[in-house]
Amino acid sequence: MRTVSVIKADVGSNAGHWRPTAELVAAVEDVLADEGAFLDDYFVFTVGDDVDIMMSHTRGEDDDDVHRLAWDAFEAGTEVAKEQGLYGAGQDLLEDAFAGNVRGLGPGVCEITFEEREAEPFLVFGADKTEPGAFNQPLYTAFADPRYTTGLLLKDTIHEGFTFRVMDLEHTDDGARRIELDVPEDGWDLTALLMEPHRFGIEKILSRATGAEVAAVSTQKLRNVAGEYVGKDDPVAVVRTQADFPSPGEILQPYATPPFVAGAMRGSHHGVFYPIQSDGGEIPSYFDGPPLVKAIGMVLNDGRFSEPVYPFDATFWDSVRDDAATRFREFRERQGAFGPGTVETSELEYGGWTDIMESLEDRWTVAPEQSPSATDD
């Protein structure tokens, strides 16, 4: 069985929460080259201020050595960030030492395991300045809505539908809380869950025809790990495509009308999920946004990654970006700090609002109820 692991972290960036330096990324890659002989392949990419490490191996999910390698690479990047005085050096490394795997230590983790097909095309998505549930709407559209994915109507194995494994992102008391829902039968119930991306996030999608894992998404919520705001969650996702699964075009189509997702400035606002190009020119420089999404297409062949293809580089997406930028700017100017410009107060990523409410508590007054005025007969 083949496992593809994508582990990401913000360990420092230049000029604020924008982009890691080339030297930081090189330090991460050096550790992978020196210590990753047990991997079949690896690939490093960045989205905004995040470094994303994608690894191909046969050790299964939550493997200690795979996770330790990523941790060591991020620590090396952190050292460079400290030397260069970068902002947020080691921000997502919430513990001083590695402990078994990186889950619960700060980095985001997405892993998918499958029997490699003769041709194994897939897409990997990285995001910045947003939350784990940001992929809810695009993945629902691609795997459960026949208005957009005509493979649900035209291809027998796709027509059998998919199983969505959804995680309760706020449940932290006694392990992970999950539910599995089948589409199309449970489609409305699934919609009801996914409409609240702050709390519920897609973790895996499985084919009902073959039982194979088709998609995986990171579901870590840093606030729940650290107990306070230390950065936005910035999910990653892997989606296998073609044959018994939707095509790349069906997976990518939802981003042509990008949804509003939580994130942007101080992780506490709503913004358009903005598809970015490969050259690194896109940084979250307007109101620490908009929330960014990068897509990379590859083929896996005997465990090795092909040359990457960046679908959002196509000129078609220029008009999408123009429209998304206009919508985000207008939304910000219309709403300011007033809802729905900001997320609901329970999701604000800083404690200042609560402090203000507490400071005002003694200044409230309560007027006694007035009796109706008596009227003469």
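Residues numbered from 1 in each chain as written. Predicted model: local features only at pLDDT ≥ 70, side-chain atom pairs only at ≥ 80, totals over all residues. Heavy atoms only, no water.

Draft legend 1. Local environment of the pattern of salt bridges. Scanning the entire structure with this criterion turns up 22 salt bridges. Residues Lys204 and Glu213 are paired through a salt bridge, measuring 3.1 Å at the closest nitrogen-oxygen approach. In this pair, the class of Lys204 matches that of Glu213, namely buried. What emerges from the salt-bridge pattern is a single network uniting Arg2, Asp40 and Glu116. (Salt bridge = Lys/Arg side-chain N within 4 Å of Asp/Glu carboxyl O. Buried < 20%, exposed > 50% of the residue type's maximum accessible area, 1.4 Å probe, protein only.)

Draft legend 2. Up close: unusual backbone geometry. Looking along the chain, the bond that leaves Val183 and enters Pro184 is cis, with omega of 20°. Here Pro184 lies in the loop between β7 (178–183) and α6 (187–194). Note that the residue after Gly339, namely Pro340, is joined by a cis bond; omega there is 5°. Inspection of the secondary structure puts Pro340 in the loop between α9 (316–335) and α10 (352–360). The phi dihedral of Ala243 is positive, around 55°, even though this residue is not glycine. With respect to the helices and strands, Ala243 occurs in the loop between β10 (236–240) and α8 (248–252). For Asp302, which is not a glycine, the phi torsion comes out positive at approximately 50°. With respect to the secondary-structure elements, Asp302 resides in the loop between β14 (292–301) and β15 (304–305). (Helix = DSSP H or I, 4+ residues; strand = E, 2+ residues; numbered from the N terminus.)

Draft legend 3. Examining the nonpolar core more closely. Formed by 39 residues in total, the largest nonpolar core has its most connected members in Phe125, Phe135, Phe143, Phe162 and Phe164. Of the residues forming this core, the biggest block, 5 residues, is contributed by helix α3 (residues 136–144). Contact partners of Phe135, with chain neighbours within four places excluded, come to Phe125, Ala127, Ile202, Val217, Pro235, Val236, Ala237, Tyr255, Phe273 and Val293. By size, the runner-up hydrophobic cluster in this structure holds 28 residues, among which are Val28, Val51, Ile53 and Ala70. (Core = buried A, V, L, I, M, F, W, Y, C linked by side-chain atoms within 4.5 Å. Contact = heavy atoms within 4.5 Å.)

Draft legend 4. Main features of the packing of helix α1 (residues 22–35) against helix α2 (residues 64–84). Between α1 and α2, the shortest axis-to-axis distance is 8 Å and the interhelical angle comes to 150°. Relative to α2, the element α1 lies roughly antiparallel. For the pair α1 and α2, the sense of crossing is right-handed. Contact residues: α1 offers Glu23, Leu24, Ala27, Val28, Val31, Leu32 and Glu35, while α2 offers Leu69, Asp72, Ala73, Ala76, Gly77, Val80, Ala81 and Gln84. Here the contact of α1 with α2 is built from residues that sort into 10 nonpolar, 2 polar and 3 charged. (Axes fitted to C-alpha atoms, helices over the stretch in contact; angles between N-to-C directions. Parallel < 35°, antiparallel > 145°, perpendicular 65-115°, else oblique. Left-handed = near helix turned anticlockwise from the far one by under 90°. Nonpolar A, V, L, I, M, F, W, Y, C, P; charged D, E, K, R; others polar.)

Draft legend 5. Broad picture of the side chain of Lys8. Take Lys8: it is sitting in strand β1 (residues 2–9). Owing to a relative accessible area of 1%, Lys8 belongs among the buried residues under this scheme. Apart from the residues lying within four places of it in its own chain, the contact partners of Lys8 are Asp50, Val51, Asp52, Phe74, Asp92, Pro107, Gly108, Asp233, Asp234 and Val236.

Draft legend 6. How the structure looks around the packing of aromatic side chains. By the definition in use, this model includes 12 aromatic pairs. Taking 5.0 Å as the distance between ring centres and 85° as the angle between the ring planes, the aromatic pair formed by Phe143 and Phe162 counts as edge-to-face. Highlighted residues: Phe143 in helix α3 and Phe162 in strand β6 (residues 162–168), separated in sequence by 19 residues. Classification of Phe162 as buried rests on a relative accessible area of 0%. Residues Tyr286 and Phe328 carry aromatic rings whose centres are separated by 5.5 Å and whose planes lie at 90° to one another, so their mutual orientation is edge-to-face. Taken together, the residues span a long stretch of sequence, with Tyr286 in the loop between β13 (274–275) and β14 and Phe328 in helix α9 at a distance of 42 residues. An aromatic cluster is present here, built from Phe125, Phe135, Tyr255, Phe273, Phe312, Phe316 and Trp317 joined pairwise through their rings. (Phe/Tyr/Trp six-rings, centres within 6.5 Å; stacked < 30°, edge-to-face > 60°.)

Draft legend 7. Inspection of the environment of Lys82 at higher detail. Relative to the elements of secondary structure, Lys82 occurs in helix α2. A relative accessible area of 52% places Lys82 in the exposed class. Taking the C-alpha atoms as reference points, Lys82 and Leu24, separated by 58 residues in sequence, lie 9.9 Å from one another.

Draft legend 8. Molecular detail of the pairing of strand β4 (residues 108–114). Within β4, 7 of the 7 residues are buried, which leaves it mostly tucked inside the rest of the structure. Residues Gly108, Cys110, Ile112 and Phe114 line one face of β4 and the alternating positions Val109, Glu111 and Thr113 line the opposite face, and both faces are buried. Where β1 meets β4, 7 bridges bridge the pair, whose relative direction is antiparallel. Bridging from a neighbouring strand, Ile7 pairs with Val109 of β4. (Pairing = 2+ DSSP bridges.)

Purely geometric stuff here, so don't read any function into it on its own.
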